[in-house]
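The residues making up each chain are set out below.
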Amino acid sequence: MSDRKPLAGQKALVTGGSSGIGEAVALALGAAGADVAVNYLSDEHPALNVVDRIRARGGSAIACKADISSEAEVAGMFEHAIDTFGTINILVANAGIQIDAGLTDMTLEQWNRVLAVNLTGQFLCARAATREFLRRGVVPEISRAAGNIICMSSVHQVIPWAGHANYAASKGGIKLLMETMAQELAPRRIRVNAIAPGAIRTPINEPAWNTPQALERLLTLVPYGRIGEPDDIGRAAVWLASDESDYVVGTTLFVDGGMTLYPGFAANG
Ligand code: NAD
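Basis of the calculations
- Residues numbered from 1 in each chain as written.
- Predicted model: local features only at pLDDT ≥ 70, side-chain atom pairs only at ≥ 80, totals over all residues.
- Heavy atoms only, no water.
- Helix = DSSP H or I, 4+ residues; strand = E, 2+ residues; numbered from the N terminus.
- Axes fitted to C-alpha atoms, helices over the stretch in contact; angles between N-to-C directions.
- Parallel < 35°, antiparallel > 145°, perpendicular 65-115°, else oblique.
- Left-handed = near helix turned anticlockwise from the far one by under 90°.
- Contact = heavy atoms within 4.5 Å.
- Nonpolar A, V, L, I, M, F, W, Y, C, P; charged D, E, K, R; others polar.
- Polar contact = N/O pair within 3.5 Å; in protein donor to acceptor, adjacent residues only side chain to side chain.
- 1 Å grid on protein atoms, 1.4 Å probe; cavity = no way out; pocket = protein on both sides within 12 Å on 5 of 7 lines; lining within 4 Å.
- Points joined across faces, edges and corners; volume = space filled by probe spheres on them.
- Phe/Tyr/Trp six-rings, centres within 6.5 Å; stacked < 30°, edge-to-face > 60°.
- Salt bridge = Lys/Arg side-chain N within 4 Å of Asp/Glu carboxyl O.
- Buried < 20%, exposed > 50% of the residue type's maximum accessible area, 1.4 Å probe, protein only.

With that settled, the discussion passes to unusual backbone geometry. We note that Arg189 has phi near 65°; this positive angle belongs to a residue other than glycine. Examined against the element boundaries, Arg189 turns out to sit in the loop between α5 (165-185) and β6 (190-197).

Put simply, helix α1 (residues 20-31) and helix α2 (residues 44-56) touch, their axes get as near as 9 Å, and they point 20° apart. In terms of their interaxial angle, α1 and α2 are classed as roughly parallel. As α1 packs across α2, the resulting crossing turns out to be right-handed. For the pair formed by α1 and α2, the contact residues are Glu23, Ala26, Leu27 and Gly30 on the first element and Val50, Arg53 and Ile54 on the second. Split by residue class, the contact of α1 with α2 holds four nonpolar, one polar and two charged.

On to the side chain of Asn39, then. With respect to the helices, strands and loops of the structure, Asn39 is situated in strand β2 (residues 35-40). A polar side-chain atom of Asn39 sits 3.2 Å from the main-chain carbonyl oxygen of Ala66. The residues contacting Asn39, other than those within four sequence positions of it, are Val14, Thr15, Gly16, Gly17, Ser18, Cys64, Lys65, Ala66, Ile68 and Met77.

Each pocket or cavity is described by its volume, and for the largest pocket that value is around 1,200 Å³. Surrounding the largest pocket, 50 residues form its lining, Gly96, Gln98, Tyr167, Thr202 and Ile204 being those nearest its centre. Only α1, β2, α4 (108-136) and α5 provide two or more residues apiece to the lining of the largest pocket. Of the residues in the lining of the largest pocket, the class split is 27 nonpolar, 18 polar and five charged. Roughly 160 Å³ of volume is contained in the second largest pocket. Among the residues making up the lining of the second largest pocket, the classes are represented as three nonpolar, three polar and four charged.

Attention now goes to the packing of aromatic side chains. Applying the stated criterion across every chain, the model contains one aromatic pair. Geometrically, the ring pair formed by Trp161 and Tyr167 is edge-to-face, given 5.6 Å between the ring centres and 70° between the ring planes.

This part is about the pattern of salt bridges. Evaluation of the coordinates by the stated rule reveals 11 salt bridges. Here Asp246 ties to Arg191 by a salt bridge, and the two come within 3.8 Å at their closest N and O atoms. With a gap of 55 residues between them, Asp246 in the loop between α7 (230-241) and β7 (252-255) and Arg191 in strand β6 connect regions that are remote in the sequence. A relative accessible area of 14% means that Asp246 is categorised as buried. Salt bridges sharing common partners tie together Arg144, Arg191 and Asp246.

If you want it as C-alpha cells, here you go:
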C-alpha cells in the first residue's frame, strides 16, 4: 500500500471556506494533500485561521476574498489562486445563503440575492474552473481527471421547503446545472458531481439545533438519529475529489442520515 495522500499534488479552491461545511472541506482537502485556496466573503480572520490550521499540518493554503456572485471578483479570485498554485484541479462550489420568507412576503431582492449567490455563483465559479481545467488538460501523475467540480447542493434539491422558495429553487437549479455540466464536460475528462447535505451543524441553520427542543424536533426528520457534522461532508468531498471515485460522474451524493427516505412515512404504510 502506498502512503501517498489521495489528493497529493492537487490544488483546490473552496468557496465559503471560512465557516461551517466549507471550513471542514478545506481542512479535509488540506489533510488529504491538496493545496487549498480558501475563499471568503468579507471577514478575513476566520479564513486566515483555516489557512493557518492547514499550514500547521504541513499543507499549503491561501485566503482569497471574493463575492462569488460577482463575475469580476470570481475572475480575480481564480487569477490569484492560479498565480499562486500554478493551476486549480478541484473546485468545491460551497458558498450559499438562506434569506427566508413566506412566498407572499418574499421580496424580489430576497429572491434575487439567494439565486445570485447559490446558483449564479456556482455557475461563475464552475465556468472559471472549467476554463483552467481545459487549458491544462490531464496530468496523469496528479489525477486521472482534468479536473473535479463538486457542487454543494442540499436535500432541498428534492425536498420542497415551505417558507424557503428562493433557497429550494436555487438547489433544484444546482441539480440540473451540475448534471448538465457533467454531461457536457465528461468527454473532456472533467468530473462534475454534487453533495447534498441533510442537517449539518453549522451557522446557517443554528436555530434548528441550538436548543435541546429544536434538536429533538430536527431529529424526527433524521432516521439515523444524529445531526450531521461538517466533517461528514469533508470526508465525502475528499472521496469525490480523488481518483477513488474516478468513475463517478454527474451524481449527487446525499449525506443526510437518511433524511431523503421520507421518515414521516415510516409508521404510516
Ligand atoms: P455557513 O453559513 O457556515 O457557510 C456559508 C458560507 O458561504 C459562509 O462562509 C459565507 O461567508 C459564504 N458566503 C455567503 N455568501 C457569499 C458570497 N456572496 N461569496 C462568497 N462567499 C459567500 O453555512 P454552511 O451550512 O456551511 O453552508 C455551506 C453550504 O452548504 C451552502 O451552500 C448551504 O446551502 C449548504 N447546505 C448546508 C446545510 C446545513 O445543514 N448546514 C444543508 C444543506 C446544504
